[in-house]
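Architecture at a glance
The chain contents come next:
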Amino acid sequence: MGAGRVINNIRRLRFDAGEMTQQELADRVGVTRQTIIAIEGAKYSPSLELAFKIAEAFGHALEEVFEYKKS
Amino acid sequence: MSFREKSAWVCLISTLVVFVPYFLMVAIIDAAGALKMGAIVGLLVAAIFFQGAIAAAAMIAVAIRSGADTADERDRAIDLRAFRNGYFVLSVSLVSAICVMIFAPSSWASHLTLPLASQVFFGCFVAAEVVKYSTQVVSYRRGF
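Let us look at the structure shown here. Nothing here was measured: the structure is a model prediction, and the numbers come from that model.

1. Overview of the overall build of chain B
Across its full length, chain B holds 5 helices and 0 strands. The linear arrangement of helices and strands in chain B, starting from the amino end, is α-α-α-α-α. Reported as C-alpha extents along the three principal axes, the dimensions of chain B are approximately 55 × 30 × 20 Å. For chain B, the residues scored as buried account for 22% of the 144 residues in total.

2. Observations concerning the nonpolar core
Side chains of a nonpolar character, in soluble globular proteins, are inclined to be buried together. All names here are of chain A. The biggest cluster of nonpolar side chains holds 15 residues, and the ones touching the most others in it are V29 and I54. When residues of this core are traced back to their parent elements, those giving at least two are α2 (22–29), α3 (33–40) and α4 (48–58). In terms of residue count, the dominant contributor to this core is α4 (4 residues). Setting aside residues no more than four positions away along its own chain, V29 makes contact with L50, K53, I54 and A57.

3. Let's talk about α2 of chain A
Residue and element names in this part refer to chain A. When we look at burial in α2, the residues that qualify are L25, A26 and V29. Looking straight down α2, one finds its buried side chains confined to an arc of 100°; they lie on one side. For α2, the elements touching its buried residues are α1 (10–16), α3 and α4. Phi for G30, located one or two positions after α2, is positive at around 80°.

4. Let's talk about the interface of chain B and chain A
Between chain B and chain A, the residue contacts involve 7 residues of the former and 10 residues of the latter. Counted by class, the side of chain B that touches chain A contains 1 nonpolar, 2 polar and 4 charged residues.

5. What to know about the packing of helix α3 (residues 73–103) of chain B against helix α5 (residues 114–142) of chain B
All names here are of chain B. Two elements in contact, α3 and α5, have axes whose closest approach is 8 Å; the angle formed by their N-to-C orientations is 155°. Classified by the interaxial angle, the pair formed by α3 and α5 is roughly antiparallel. At the point where α3 passes α5, the crossing takes the right-handed sense. The class makeup of the residues in the contact of α3 with α5 is 18 nonpolar, 6 polar and 3 charged.

6. Some details on the environment of M25 of chain B
All names here are of chain B. By the secondary structure assignment, M25 is in helix α1 (residues 3–31). Classification of M25 as exposed rests on a count of 12 C-beta atoms within 10 Å. On a C-alpha basis, the gap between M25 and L43 in space is 9.2 Å, while along the polypeptide they are 18 residues apart.

7. A short note on α4 of chain A
Those residues of α4 of chain A that sit buried are L50, I54, A55 and A57 of chain A. For α4 of chain A, the angular spread of the buried residues around the axis is 155°, confining them to a single face. Those residues of α4 of chain A that are exposed and aimed more than 90 degrees away from the buried face are L48 and E49 of chain A. Buried-residue contacts for α4 of chain A involve α1, α2 and α5 (62–65) of chain A together with α3 of chain B. Two residues or fewer past α4 of chain A, G59 of chain A is found with a positive phi of approximately 70°.

Rules and cut-offs
- Residues numbered from 1 in each chain as written.
- Chains lettered and ligands numbered in written order.
- Predicted model: local features only at pLDDT ≥ 70, side-chain atom pairs only at ≥ 80, totals over all residues.
- Helix = DSSP H or I, 4+ residues; strand = E, 2+ residues; numbered from the N terminus.
- Buried ≥ 20, exposed ≤ 12 C-beta atoms within 10 Å, placed from the backbone.
- Core = buried A, V, L, I, M, F, W, Y, C linked by C-beta atoms within 7 Å.
- Contact = placed C-beta atoms within 7 Å.
- Arc of directions from axis to C-beta.
- Nonpolar A, V, L, I, M, F, W, Y, C, P; charged D, E, K, R; others polar.
- Axes fitted to C-alpha atoms, helices over the stretch in contact; angles between N-to-C directions.
- Parallel < 35°, antiparallel > 145°, perpendicular 65-115°, else oblique.
- Left-handed = near helix turned anticlockwise from the far one by under 90°.

What follows is the structure, encoded as structure tokens:
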């Protein structure tokens, strides 16, 4: 079974949330801006707890923010 | 670039800048047959002090310019990966060095002095540190 990867819609959701900045999102969920950049660029898969916090910050369900793509 | 990534760069560069010349110097002294414990301890203390001073000064400059931040889960994950890689290099290199010393041909035995053995072991620690900082730098650059 090949490894999949977690993709996300954070960039679009930030835009929908009135161009929320990466720093604003980082402050809301309690991480650094670099971590938000890494998650947004699919370079880092967040923990389940952080993923829930990000979804909560946008007021969306987890699966609307993150998706698991099988390769 | 985050404070922690800059810190990793500072530690990596200061370690290489100080300890590559240090081990070259040790090799030159050893080749001249003058590797004595007293001289090595003096050189070692100077190198550690110099590396600490460079790293501290650079760290203060980085903190003043960009501000220190607290570690989050990604930083901790990167640290764990870096420590794992560093520990792997440390254990493999130490075991290899010990095996070489135990099973070395008799022609080498006369050359394996305590000062040389201490430098080999110290080299294992420095190599592990370099791998640890390199892992941090690569993880921050390429993603984790």
